[in-house]
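Examining the three-dimensional arrangement
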Amino acid sequence: MPFDLTSNYFSIFGMPVSYTVDAGFLMQRYRELLQTVHPDRFASASGQERRLSLQYSTHINEALRVLKDPLERARYILELKGMQWDDEQTTLSDPGFLMQQMDLRESLSEVREQSDPLEAIAEIISSVSSLMQDNIHVLEGLLQSDKPEDLETAKTRVRKMQFINKMKMEAETLEATLEDEL
Amino acid sequence: MALLHISEPGQTSVPHQRRLAVGIDLGTTNSLVATVRSGLAETLADEAGEHLLPSVVRYRKGQGPQVGQSAKEAAPTDPMNTIVSVKRLMGRDLQELRKNEFAAYEYAGEESSVPRICTEGGDVSAVEVSAEILKVLRDRAEASLGGELTGAVITVPAYFDDAQRQATKDAARLAGLHVLRLLNEPTAAAVAYGLDKKSDGVIAIYDLGGGTFDISVLRLKKGVFEVMATAGDSALGGDDMDRAIARWIMAQAGIQDDADHAQLRRLLHEARRVKEMLTDADETSVEITRMDNTVWRGSLTRMQMNELINSLVKKTINPCRRALRDAGLSIDDISEVVMVGGSTRVPMVREKVEAFFNKPPLVDIDPDKVVAVGAAFQADILAGNKPDEAMLLLDVIPLSLGLETMGGLVEKVINRNTTIPVARAQDFTTYKDGQTAMSIHVLQGEREMVQDCRSLARFSLRDIPPMVAGAARIRVTFQVDADGLLSVAAEEQSSGVQSSIEVKPTYGLEDSEVEQMLRDSMDHASEDMVARMLREQQVEADRAMEALTAALQKDGEKYLDDEERAGIDQQMDSLQTVRQQDDIEAIKLAIARLEKTCAGYVERRMNGSIQDAMSGHKIEEFES
């Protein structure tokens, strides 16, 4: 298997395209690859080798980032399966989901008024995380399929996950701020 | 067939000859140089047997700069010409520098992007002052090791932003050092610590120096040092404790805010002495001479000092919490806490760190030397002296990088704590019909608003073909290399027209400025300058040929057919020929030709080594 910057991220690590990833195996392969191509291995090499090493290492780091993150990984698999993303043009039409998001957002904005803000924010983070987990679980099934309708459903899930993830990051930022204020 | 080359002694390096490489800790208060000899890393002493070089430079009229202990001693009496703690000035603009009440130098003209301090010996920038310190360390190392240095690893605080890193690298270039790598100080400490203990686990490095604070969380696994998160404050350190104590002395002794520079330096000097005394003593006497030559005498207890520095020490705990959070870890996941930096000698610091991490920190390695020692190990490997060493450092970018968008907001392109090297692209479009230029503002920091982040560079993308609004696709690519240094490129995609790009660093030096300084530092002797540039090109040529010769010996037959090999040999011969002459441009050209000829070979080799690494792994799996 020759190393190819245009080959998919999974094959770089010698793994099949699958939403379920063995994190231990991934990290082990990652370390082995970087042991070989990292710029530190070429610090005294020619300018050409230094550039190539930078390019490869950068690519491997990017591949790892995408494969490690459940949201990025799902997006990436859908892209490999030929799905297109036009983020700004589509809107979610799932009243239940939107309502849930609005509720969470409201509790987030009221955290500071709670008697124990840290506990309140921890609760929000925990429910957002479990929402995330639910979606990951559903995607594990959907992304094994190549049927267009399954992939469309997966795409909607991924877009919901993007909302949830954004909420999670905001909640974590708020938690950090609250802790720093102590 | 390649001809045999006969070279004069000392002109080409013999394969397997040990290359002289050093690690340099360019500190706020003190600097050190270390190297690996017979497998052991050791710091190098000056003629007087001193290892620590005070990071102080004094400029006098008509004389060369004075560096180190003698300059430090002159600081209280000659404050305006004696630059202390220059590290705190690196990569900073004038406005930031003026905030520092105890380093109130006089600064030259406002128009220059890089602030210059006025001294008797001329106006100097922070980069030039740092270069003087580095030169002394370089000379010390060359005298001690008996030869020219191949390169150096220079340490920087993990929390240094791009401007501060770039300034450090510029200083090294100015000092005539080939920078093998800029290495983060806590990572260097982890190397010194980890190689010593040879144990796997997650460690936290708490590094409180004279002017900077870093906390790094690293995972050590089979020789791989993976930085999981880093946080800190690049303007917080022992200096700030000195200032807090100095302010107390001022209040006690009735010294007014309008004290002159000499008085302020005396205050800082005494504050520092008092702080150091209180490491072991519970109480110490304090003495200060006022401007009218009367003397105030008093005493300070450690309890009182703790109150004075309490808020400063507390400021280091929030970053610890943030680093853990970013690493996705809890306090119980940390197996060891390692203390680095002279300011960790302050008892209160140790107490607070122990209370936060819920375990006693390790203080058994010399906090002053550990960073230089770790850098020396890394330098030895990077110079190629240990081809079989498995150690690998995977570091991260400490602060997010972003671009200014509409309404003065910052759009993050690369998040903090992303493993380097990293590249990320972002697409932009025009907002007016027929728009042919676009300005791009690069920022670093975590805040949402432009004014709360550090401005790194402004770009102008010109010659965009006129199109309707929104039709152009401008791709801006950020690349952060293994030194943590950023380069930005922008290209208009839809038309395929190559667009021009102009880089103007906000606080850093432009290449032309560095060259000008190099020229000035050569005492206007242009022959020296030319000689040095020639020498640099020759070294680069040797490096290219040496690497290629070793590669060809190993696997030239495997990856090359006769025709390709003949082509490479021919280019190598021409490079060998021009390398012996003194035409800098000809050498450059010959290197470029050689690289072009063997581009395919180099790529095949690298792919081959990746394949080997992967297939070796598979065999192991079959066997087990």
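Bear in mind that the values here come from a model prediction, so they are computed numbers and not experimental data. (Residues numbered from 1 in each chain as written. Chains lettered and ligands numbered in written order. Predicted model: local features only at pLDDT ≥ 70, side-chain atom pairs only at ≥ 80, totals over all residues. Heavy atoms only, no water.)

Remarks on the pattern of salt bridges
Opposite charge on two side chains makes pairing possible when the charged atoms of those side chains draw close. All names here are of chain B. By the definition in use, this model includes 52 salt bridges over all chains. In this structure, the salt-bridge partner of Arg-18 is Asp-380, at a minimum N-O distance of 2.8 Å. With Arg-18 in the segment before β1 (21-26) and Asp-380 in helix α11 (residues 370-382), this pair connects stretches of sequence that are 362 residues apart. Asp-380 sits in the buried class, given a relative accessible area of 3%. Here Arg-116 ties to Glu-128 by a salt bridge, and the two come within 3.1 Å at their closest N and O atoms. Linking Arg-116 in strand β8 (residues 116-119) with Glu-128 in helix α3 (residues 126-145), this pair joins segments that are 12 residues apart in sequence. Assessed through its relative accessible area of 17%, Glu-128 is described here as buried. (Salt bridge = Lys/Arg side-chain N within 4 Å of Asp/Glu carboxyl O. Helix = DSSP H or I, 4+ residues; strand = E, 2+ residues; numbered from the N terminus. Buried < 20%, exposed > 50% of the residue type's maximum accessible area, 1.4 Å probe, protein only.)

Overview of the sheet that holds strand β24 (residues 474-480) of chain B
What the three strands build is an open sheet, ordered β21-β24-β25 (chain B); its pairing is antiparallel. The strands lining the two open edges of the sheet, one partner per strand, are β21 (422-428) and β25 (486-492) of chain B. Neighbouring strand axes in the sheet, compared pairwise and without regard to direction, differ in orientation by 15 degrees on average. Note that β21 of chain B and β24 of chain B share seven bridges and pair antiparallel. Considered in β24 of chain B, the bridge of Asp-427 of chain B is made with Arg-475 of chain B. Relative to β21 of chain B, helix α3 (residues 47-68) of chain A is tilted by about 75 degrees, and along the sheet it contacts β21 and β24 of chain B. (Pairing = 2+ DSSP bridges. Axes fitted to C-alpha atoms, helices over the stretch in contact; angles between N-to-C directions. Contact = heavy atoms within 4.5 Å.)

As for the sheet that holds strand β12 (residues 201-208) of chain B
Residues and elements named next belong to chain B. The strand order across the open sheet formed by five strands is β17-β12-β13-β14-β18, and the pairing between neighbours is mixed. Each edge of the sheet is formed by a strand with only one pairing partner; in this case those strands are β17 (336-340) and β18 (392-394). Neighbour-to-neighbour, the strand axes of the sheet open up by a mean angle of 25 degrees, direction not taken into account. As paired strands, β12 and strand β13 (residues 213-221) are joined by eight bridges and run antiparallel to one another. Its bridge partner being in β13, Leu-208 is matched across the sheet by Phe-213.

Details of the domain arrangement of chain A
In terms of domain boundaries, chain A breaks down into domain 1 (9-68) and domain 2 (95-181). If you average the C-alpha positions of domain 1 of chain A and of domain 2 of chain A, the two centres end up 30 Å apart. (Domains from an automatic or database assignment.)

Some thoughts on helix α8 (residues 302-314) of chain B
Residue and element names in this part refer to chain B. Counted at 1.5 Å a residue, the expected span for α8 with its 13 residues is 18 Å, and the 17 Å between its end C-alpha atoms agrees. Along α8, the sharpest change in direction is near 50 degrees and occurs at Leu-308. The complete set of buried residues in α8 reads Arg-302, Met-305, Asn-306, Ile-309, Leu-312 and Val-313. On the buried face of α8, the contacting elements are α6 (238-253), α7 (261-277), β16 (295-301), α9 (317-327) and α10 (347-357). (Expected span 1.5 Å × (residues − 1). Bend = angle between axes of the 7 residues up to and from the residue.)

Some thoughts on the nonpolar core
In terms of nonpolar packing, the biggest core is built from 81 residues, with Phe-13 of chain A together with Leu-575 and Tyr-601 of chain B touching the most fellow members. A per-element tally of this core places helix α6 (residues 117-142) of chain A first, with 10 residues. Ignoring sequence-local partners within four residues, the contact set of Phe-13 of chain A consists of Phe-25, Leu-26, Arg-29, Tyr-30, Leu-33, Ile-60, Ala-63, Leu-64 and Leu-67 of chain A together with Met-614 of chain B. Among the nonpolar cores identified, the runner-up in size contains 50 residues, and Ala-231, Leu-267, Val-274 and Met-305 of chain B belong to it. (Core = buried A, V, L, I, M, F, W, Y, C linked by side-chain atoms within 4.5 Å.)

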